[in-house]
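The primary structure of each chain is shown beneath.
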Amino acid sequence: MENFEFHNPTKIIFGKKTEEKIGEILKNDGIKKVLFVYGKESIKKTGLFDKVINLLNQNGIEYILHGGVKSNPVLSHTREGIQKAKENNVDAVLAVGGGSVIDEAKAIAVGAKTDKDIWIYFERGEEIKSALPVYDILTLAATGTEMNGYAVITNEETKEKLSISSIYIYPKVSILNPELTYTVPKEYVAYSAVDITAHSVEWYFTCKVCPNIQNRLVESIVKTIKETTDIILKEPTNYNARAEFMWASTLALNGITRTGVGGGYFPNHMIAHSIGALYDLPHGACLSIVIPAWTKWYLENNKPQFKRFAKEIFNLDDYTKLPQAIKEWFSSIGAPVSLSEVGIKDIDAIADNVMITAKLWNLDKIYTKEVIKEILNLAR
Ligand code: NZQ
Ligand code: ZN
């Protein structure tokens, strides 16, 4: 096991009706005015928007609205949010929604505390030195953003989908009520299952030092996702299935599975982000196309890990059958597994785009444009 430091400052409040605490939490933290960030329509349809407004009013907390965050959040809307946060001198950002809403809220929280343009931080040209506190009520379990220091934004002009990473953007408090995810549509349940699985296996498949405790944690998360996805697709309001799915999602990318692991990186996300940047496809759908192809391409590079995953998750004695088993699982829950299925042909354009992230992540020596094309060809 490698040496490690682990520091996760986010407080999680998990369970039924927990969203009712938001006003009190903000008030107790001395917050007087928030930028209230939300998505297109889901929280208005479910009544959560009105509920939060009432709770803010009851606790004397002023709010400035910043709605309309799109799935795969974009830079222009983030910049508008930063301007509102600055003009209105808010003390905190309150995000109510899925990963996109929370990610945009995090970027706004950084932008509100600097005179520099926010995109510089995504290009890794500047280090993040501070941010407004972020509070959130999560309505879709997938990304793990509710308990990590990452945010992903798309620059819609340059077609770059890049991330920031900082201790300052871990949410201060994240409220997780599984009941709020009952309305997540079936296709997003599938994309989310893929995303959570991806967060679990990226390090697991690429690690050089792979402690058993971490292997077992990852396998537990993936088994839980496989089981609960099947239940949720049949019974969207099964509380226990939604609850285990939601907590598995948080654990998959809150840093815990990475502790003590040596080596390891995020190749599937690197490629998926470029497909998302160019075609605005849901993040999990980009991953379900990439993962079976990448697994096939990488299979002989970390045999012990693939062997145990094949056995533990799919009860396969022959690890070479793993890429196909993953593909069939993703397909069975309703996620796309090839580029042709979503009408994408231009592999060259994706490969060019991937090289932007490959350079930023120092992976361009292994993942040359030719290698990326090879992987994408397996995803045709
Ligand atoms: O906009 P609204 O109307 O709210 O609708 C959303 C959106 O259309 C809807 N939705 C959310 N909660 C719902 C609901 N519909 C019904 N009932 C509910 N309770 O679902 C759609 C998708 O939402 P979105 O937030 O885009 O999904 P997700 O949580 O998967 O977030 C995806 C974004 O997160 C990034 C992805 O790249 C993508 O941009 N990621 C962030 C990470 C992080 N910060 O750590 C890591 C991930 O790897 C990922 O890259
Ligand atoms: Zn992801």
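For clarity, every value in this text was computed on a predicted model and none was experimentally measured.

Draft legend 1. Structural view of the overall build of the chain. Secondary structure summary: the chain contains 15 helices and ten strands in total. Here the chain has a C-alpha radius of gyration of 20 Å; the compact-globule value for 380 residues is 21 Å, and the two agree. C-alpha atoms of the chain, sized along the principal axes, occupy 60 × 45 × 45 Å. Burial statistics for the chain: of 380 residues in total, 58% are counted as buried. At a minimum sequence separation of 6, the contacts of the chain that also span at least 24 residues come to 78%. Taking the average place of the 44 positive charges on the side chains of the chain and the average place of its 46 negative ones, the gap between the two points comes to 2 Å.

Draft legend 2. A look at the nonpolar core. Counting residues in each nonpolar core, the largest one holds 102 residues, and the members touching the most others are Ile 275, Phe 309, Phe 314, Leu 339, Tyr 367, Ile 372 and Leu 376. Here this core gets ten residues from one element, more than from any other, and that element is helix H7 (residues 186-206). Both domain 1 (11-180) and domain 2 (185-378) contribute no fewer than three residues apiece to this core. When sequence neighbours within four positions are dropped, the list of residues in contact with Phe 309 reads Val 201, Tyr 204, Phe 205, Val 222, Phe 314 and Leu 322. Core analysis: the second largest hydrophobic core is formed by 24 residues, Ile 43, Phe 49, Leu 55 and Leu 56 among them.

Draft legend 3. Representation of the domain arrangement of the chain. The domain boundaries assigned to the chain delineate domain 1 (11-180) and domain 2 (185-378). Computed from C-alpha atoms alone, the centre-to-centre distance between domain 1 and domain 2 is 26 Å. Here domain 1 meets domain 2 over a buried area of about 2,400 Å², counting both sides, of which 60% is carbon and sulfur. Where domain 1 touches domain 2, the interface holds one salt bridge. Put simply, Lys 70 and Asp 280 hold a salt bridge, and the shortest N to O gap is 3.0 Å. Taken together, the connections running from domain 1 to domain 2 amount to seven residue pairs in polar contact (both at pLDDT 80 or more). Counting only elements with at least two residues in the side of domain 1 that touches domain 2, the list comes to strand S1 (11-14), strand S6 (150-155) and strand S7 (160-165).

Draft legend 4. Structural detail: the UniProt feature "domain: Alcohol dehydrogenase iron-type/glycerol dehydrogenase GldA" (unreviewed entry) in the chain. Within this structure's numbering, the places UniProt gives as "domain: Alcohol dehydrogenase iron-type/glycerol dehydrogenase GldA" (unreviewed entry) are residues 9-178. The straight-line gap between the two end C-alpha atoms of residues 9-178 is 22 Å; of that span, 31% is helix and 25% is strand.

Draft legend 5. Summary view of the site of ligand 1. With respect to spatial proximity, 32 residues lie near ligand 1, and among them Glu 41, Ser 42, Ser 71, Gly 99 and Ser 100 are the closest. The side chain of Asp 103 places a nitrogen or oxygen atom 2.8 Å from a nitrogen atom of ligand 1. One nitrogen or oxygen atom from the side chain of His 283 is found 3.0 Å from an oxygen atom belonging to ligand 1. When ligand 1 sits alone it has 970 Å² of accessible area, and the protein chains cover 90% of it. Every element with two or more residues in the shell around ligand 1 is listed here: helix H5 (99-111), S6, H7 and helix H10 (267-279). Taken domain by domain, the makeup of the shell around ligand 1 includes at least three residues from each of domain 1 (11-180) and domain 2 (185-378).

Draft legend 6. Seen up close, the state of the cysteines. For the coordinates displayed, the defined rule picks out one disulfide. Covalently, Cys 207 is tied to Cys 210 through a disulfide, its sulfur atoms 2.1 Å apart. One disulfide, between Cys 207 and Cys 210, carries an S-S torsion of 110° and so falls in the right-handed class. According to the relative accessible area criterion, Cys 210 is partly exposed, its value standing at 23%.

Draft legend 7. Representation of unusual backbone geometry. The phi dihedral of Asn 89 falls on the positive side, at around 55°, and the residue is not glycine. Relative to the helices and strands, Asn 89 is located in the loop between helix H4 (75-87) and strand S4 (92-97). Despite not being glycine, Arg 124 has its phi angle at roughly 65°, a positive value. Assignment of secondary structure puts Arg 124 in the loop between helix H6 (119-122) and strand S5 (134-138).

Each value, and the rule that gives it
- Residues numbered from 1 in each chain as written.
- Chains lettered and ligands numbered in written order.
- Predicted model: local features only at pLDDT ≥ 70, side-chain atom pairs only at ≥ 80, totals over all residues.
- Heavy atoms only, no water.
- Helix = DSSP H or I, 4+ residues; strand = E, 2+ residues; numbered from the N terminus.
- Rg over C-alpha atoms; globule rule 2.2 N^0.38 Å.
- Buried < 20%, exposed > 50% of the residue type's maximum accessible area, 1.4 Å probe, protein only.
- Contact = heavy atoms within 4.5 Å.
- Lys, Arg positive; Asp, Glu negative; His and termini not counted.
- Charge placed at Lys NZ, Arg CZ, Asp CG, Glu CD.
- Core = buried A, V, L, I, M, F, W, Y, C linked by side-chain atoms within 4.5 Å.
- Domains from an automatic or database assignment.
- Buried area = accessible area lost by both parts, 1.4 Å probe.
- Salt bridge = Lys/Arg side-chain N within 4 Å of Asp/Glu carboxyl O.
- Polar contact = N/O pair within 3.5 Å; in protein donor to acceptor, adjacent residues only side chain to side chain.
- UniProt positions renumbered as here; feature names shortened; annotations may be inferred.
- Near = heavy atom within 4 Å.
- Areas by Shrake-Rupley, 256 points an atom, 1.4 Å probe, with all protein chains shown as cover.
- Disulfide = S-S within 2.5 Å.

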